[in-house]
Amino acid sequence: MSNINLRKSFLALPGVAALVVLGSGLSVNAQTAQPETISTVATEEIANRTITPVPGTVETSSVMLNPGSTEAREKTEPSNRVAQSDIEIGKGTRGGSSYLGVGGNIGITGNSSALGDGNFTVISKIGVTKSLSVRPSVILGNDTTILAPITYDFSFKSADPFAEPLAIAPYVGVGAAIKTGSQSETALLVTGGIDVPLNNRLTATAAVNAGFFNQTDVGLLFGVGYNFSGF
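Values in this document were obtained by computation on a predicted structure and should not be read as measured data.

So, about a nonpolar patch on the surface. A contiguous nonpolar patch, built from Leu100, Val102, Phe120, Val122 and Leu140 and spanning about 430 Å² of accessible area, is present on the exposed surface. Broken down by secondary-structure element, the contributors of at least two residues to the nonpolar patch are strand E1 (98-109) and strand E2 (119-127). Among the structural elements, Val102 can be located in strand E1.

Below, the structure written as structure tokens:
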């Protein structure tokens, strides 16, 4: 009887061993699948997570690894650059530097204002752009006259590209002639003249001015100005 029970036990051992091996294999597979599942979930979470860059951190520097997003951001974000204007009050024009000086006026015709008489004059040139300037001046006298023309400045260029440009810089313009005194009057002013740079500090100028008052006053203005740059 004991032999029969012992034989049955030996016959049952392979089945038990198979169950143990099968159970171990399932446990190993379950443990192996768990890291893969965690890794997949973590990868999806990282891909879907929006990273907010913080200045001075590694996340900020990592933006350089994704040039596509940088280019897209540059295209969508408006530029903060402010276009610089060509207007530079007081700067030199292509005809030369801005200046302030003194001179004289010689009357050629007319006697409606000081423009038609011989008088002491304060002159100036204030550059606005490379080609435009304002040239206010005051002709002192019994009927002190203020001249306020806007001029277009030229510059002569030599045919030889290696030669220095000519020093003479002509200009023409229009503006207002304002006569002060008991019979003040404002008239159209037409002017034309030349600037001649003497050195880095001084500029000589000469101009013909015509003020269209009741009578047309024409005067020849000349003087020397001290150069300056900007305000």
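There's plenty left to go through after this.
Here we take up the side chain of Asn119. When you line up the elements, Asn119 lands in strand E2. Within the local environment of Asn119, its side chain forms a polar contact with the backbone oxygen of Asp117, the two atoms lying 3.5 Å apart. Residues within four places of Asn119 in sequence aside, it is in contact with Gly104, Asn105, Ala114, Ile139, Leu140 and Gly141.

Tallied over the entire structure, the rule returns 1 aromatic pair. Measuring from centroid to centroid gives 5.0 Å for Tyr152 and Phe154, while their planes differ by 70°, and the two rings are edge-to-face. Between the NZ or CZ atom of Arg135 and the centre of the ring of Tyr171, over which it lies, the distance is 3.4 Å. Taking the ring centre of Phe213 as reference, the NZ or CZ of Lys179 above it sits at 5.9 Å.

Definitions and cut-offs
Residues numbered from 1 in each chain as written. Predicted model: local features only at pLDDT ≥ 70, side-chain atom pairs only at ≥ 80, totals over all residues. Heavy atoms only, no water. Patch = residues over 30% accessible without salt bridge, like charges linked within 9 Å, V, L, I, M, F, W, Y side chains within 5 Å. Areas by Shrake-Rupley, 256 points an atom, 1.4 Å probe, with all protein chains shown as cover. Salt bridge = Lys/Arg side-chain N within 4 Å of Asp/Glu carboxyl O. Helix = DSSP H or I, 4+ residues; strand = E, 2+ residues; numbered from the N terminus. Polar contact = N/O pair within 3.5 Å; in protein donor to acceptor, adjacent residues only side chain to side chain. Contact = heavy atoms within 4.5 Å. Phe/Tyr/Trp six-rings, centres within 6.5 Å; stacked < 30°, edge-to-face > 60°. Lys NZ or Arg CZ within 6 Å of the ring centre and 35° of its normal.

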